[in-house]
Amino acid sequence: MNEPNPNPRTLIQVIPSVPTSDGAGVQLRRSIGSQRGLYLDPFLMLDEFYSDNPDDYLAGFPAHPHRGFETVTYMLDGHMRHEDHLGNRGDLGPGGVQWMTAAHGIIHSEMPQQTQGRMRGFQLWINLPAREKMKPAGYRDIPAGEIPQAGLPGSGTVKLIAGTLTVDGRSLSGPINGGEPRLSTDPLYADLHLPPGAEFATALAPGYNAFLYAYEGGAAVGPAGAEKPLPHRAAGVLSDGGAVRVVAGAQGARLLLLAARPIREPVVQYGPFVMNTREEIEQAVADYRDGRLAAAG
Ligand code: MN
């Protein structure tokens, strides 16, 4: 397809994913957030978990806290049950999303509900601005059936989890799509499935930070004739501009496309707490220790 988008963004940085583990030993690959300071404001972290070996995921993520940001879990294969201190519980199945706004504080567990088979998906952390870091916690479970999917001109499909996207003149709106105060970062979260050689282009809000993550295959990114390669299992940070253009490689590609309005505030992270100052981190640690983290949640 060829959309009349001026100024497609170029690929300015490739962040390979590196193997790591989290929770009680769950094996995963981390790109954004894999090194200190390797954020893409407001995106703090992107983890891909993908394994056919239950030993890699069975231990799950027993009860743990978060404060100061949002976590977005997108399952491709497998089942995960979450429970939090507010009494929320839900089963996250294939194609489903949990959008959790930790804000003031949440204590929850995320545990696999399978003893065999493939567990595959992503967890994305999106920062909150200072004025929203201490608001009450909340969450939404979004089953696969509530996530719109559209065919792309020519071939391929797009699923839209958050934000709006114009594809071939049609506007698509994701289930997470709101303004102040809940989503002041105005995130776009799309999942692109492109057959070999297929081209995808769409407008992106200028000034928003954006990246792609190729979780199957690889792709070329940028203006026609000036594409740069985005390898398999790497995050590709995009320059500023009004559009994005991707061409799938010879094996086709599945990619996440993420964009959001930057917050432009200091980021101080200590494990599952992300605040603006060291004092606020010390407060979060003390609040967790003393049972106050989730008190106002
Ligand atoms: Mn968590």
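Before any of the text, the structure's been laid out above.
Residues numbered from 1 in each chain as written. Predicted model: local features only at pLDDT ≥ 70, side-chain atom pairs only at ≥ 80, totals over all residues. Heavy atoms only, no water.

Trainee: It is not clear to me how the overall build of the chain should be interpreted in this structure. Could you clarify?
Mentor: Secondary structure assignment for the chain yields one helix and 24 strands. Compactness check: the chain gives a C-alpha radius of gyration of 19 Å against a globular reference of 19 Å for 297 residues, within 12% of the reference. Taken over the C-alpha atoms alone, the chain extends approximately 60 × 45 × 35 Å along its principal axes. Looking at the 297 residues of the chain, the share that counts as buried comes to 53%. In the chain, the proportion of contacts linking residues at least 24 apart, taken out of those at least 6 apart, comes to 74%. Looking at the chain as shown, the accessible area adds up to about 12,000 Å², and 50% of this sits on carbon and sulfur atoms. (Helix = DSSP H or I, 4+ residues; strand = E, 2+ residues; numbered from the N terminus. Rg over C-alpha atoms; globule rule 2.2 N^0.38 Å. Buried < 20%, exposed > 50% of the residue type's maximum accessible area, 1.4 Å probe, protein only. Contact = heavy atoms within 4.5 Å. Areas by Shrake-Rupley, 256 points an atom, 1.4 Å probe, with all protein chains shown as cover.)

Trainee: What exactly am I supposed to notice about the pairing of strand E3 (residues 26-30) here?
Mentor: Consecutive side chains of a regular strand alternate in pointing toward one face of the sheet and then the other. A one-sided burial pattern is seen for E3, the buried positions being Val26, Leu28 and Arg30 and the unburied ones Gln27 and Arg29. Counting the residues that bridge the hairpin from strand E2 (residues 18-22) to E3 gives three residues, and of these Gly23 lies at a positive phi of roughly 60°. Note: E3 against strand E4 (residues 43-51), two bridges, orientation antiparallel. From the neighbouring strand, Arg29 faces E4, where its bridge partner is Glu48. (Pairing = 2+ DSSP bridges.)

Trainee: In this structure, what is going on with the sheet that holds strand E6 (residues 69-77)? I would like to understand it.
Mentor: Pairing between the strands of a sheet comes from backbone hydrogen bonds, and it takes one of two forms, parallel or antiparallel. Reading across from one edge, E2-E3-E4-E11-E6-E9-E12 is the order of the seven strands in this open sheet, with antiparallel pairing throughout. Each edge of the open sheet carries a strand with a single partner, namely E2 and strand E12 (138-142). Across the sheet, the mean angle from the axis of one strand to that of its neighbour is 20°, orientation sign disregarded. (Axes fitted to C-alpha atoms, helices over the stretch in contact; angles between N-to-C directions.)

Trainee: Would you explain the nonpolar core in this entry?
Mentor: As a rule of thumb, nonpolar side chains are buried together in soluble globular proteins. Val158, Leu194, Leu255 and Leu257 are the most contacted members of the largest nonpolar core, which has 30 residues in total. Where this core is concerned, the elements lending two or more residues are strand E14 (157-162), strand E15 (164-167), strand E17 (188-194), strand E19 (209-221), strand E21 (234-238) and strand E22 (243-260). For this core, the element with the highest residue contribution is E22, accounting for seven residues. Among all residues touching Leu257, those that are not within four sequence positions of it are Leu188, Tyr189, Ala190, Leu192, Phe200, Leu204, Phe211, Leu212 and Val244. Membership of the second largest hydrophobic core comes to 29 residues, among which are Phe122, Ala162, Ile176 and Tyr215. (Core = buried A, V, L, I, M, F, W, Y, C linked by side-chain atoms within 4.5 Å.)

Trainee: Mind showing me how you'd approach the environment of Val14 here?
Mentor: Along the chain, the position of Val14 falls in strand E1 (residues 11-16). By relative accessible area, Val14 is classed as partly exposed at 36%. As for Val14 and Pro231, which are separated by 217 residues in sequence, their C-alpha atoms are 8.2 Å apart. Residues contacting Val14, with those up to four places away along its chain left out, are Pro229, Pro231, Ala234 and Ala235.

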